[in-house]
Amino acid sequence: MPALLSAILFFRLLPRGFTNKHLRELMAQLLGLAPGHFTQGKMTYDLRLLRLHGLIERIPNSHRYEVTDFGFRVALLITRTYNRVLRPGHAAVHDTQPPAPIPLRKAFNKVDEVVTKLWKTGRLAA
């Protein structure tokens, strides 16, 4: 999902929008795949989800899409959060060389304990 949101940020300022093919080619690059390995069907599915959630809209009388203002804000928030918080935090917590800062590791251990307790008592779905 972060790759898809990063990709629509790339197309935000295009005056004529983007097509399935344009987005599919960029997605393949972002995911490190050969262009043919990201299928048109998969891209159509992703475009439909983006459109239904209001992140993109279809340009009338065309097969092109544009990123909505809402879509731009959501994509920017999620990609920034992922790149600045989640990815480095995940690496710091799970990497033992060098160890994560003590407060971060303690906070993660506490969250892990609470989630495990909730799961064992049946209050949290598996």
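Above this text sits the structure in question.
These notes cover the structure that comes with them. (Residues numbered from 1 in each chain as written. Predicted model: local features only at pLDDT ≥ 70, side-chain atom pairs only at ≥ 80, totals over all residues. Heavy atoms only, no water.)

## Overview of the overall build of the protein chain
- Helices and strands together make up the secondary structure of the protein chain, namely five helices and two strands.
- When the helices and strands of the protein chain are read in sequence order from the N terminus, they spell out α-α-α-β-β-α-α.
- A buried classification covers 25% of the 126 residues belonging to the protein chain.
- Total accessible area computed for the protein chain in this model is approximately 9,200 Å², and 61% of it derives from carbon and sulfur atoms. (Helix = DSSP H or I, 4+ residues; strand = E, 2+ residues; numbered from the N terminus. Buried < 20%, exposed > 50% of the residue type's maximum accessible area, 1.4 Å probe, protein only. Areas by Shrake-Rupley, 256 points an atom, 1.4 Å probe, with all protein chains shown as cover.)

## Section: the packing of aromatic side chains
- The tally for this structure, following the rule as stated, stands at three aromatic pairs.
- Ring centres 5.2 Å apart and planes at 80 degrees place the aromatic pair Phe10 and Phe11 in the edge-to-face group.
- You can call Phe10 exposed: its relative accessible area is 58%.
- Residue Phe11 is classed as buried on the basis of its relative accessible area of 6%.
- For the pair Phe11 and Phe18, a centre-to-centre distance of 5.0 Å together with 20 degrees between the ring planes defines the contact as stacked. Each of the two residues, Phe11 as well as Phe18, counts as buried.
- Put simply, the rings of Phe10, Phe11, Phe18 and Tyr65 pair up and form one aromatic cluster. (Phe/Tyr/Trp six-rings, centres within 6.5 Å; stacked < 30°, edge-to-face > 60°.)

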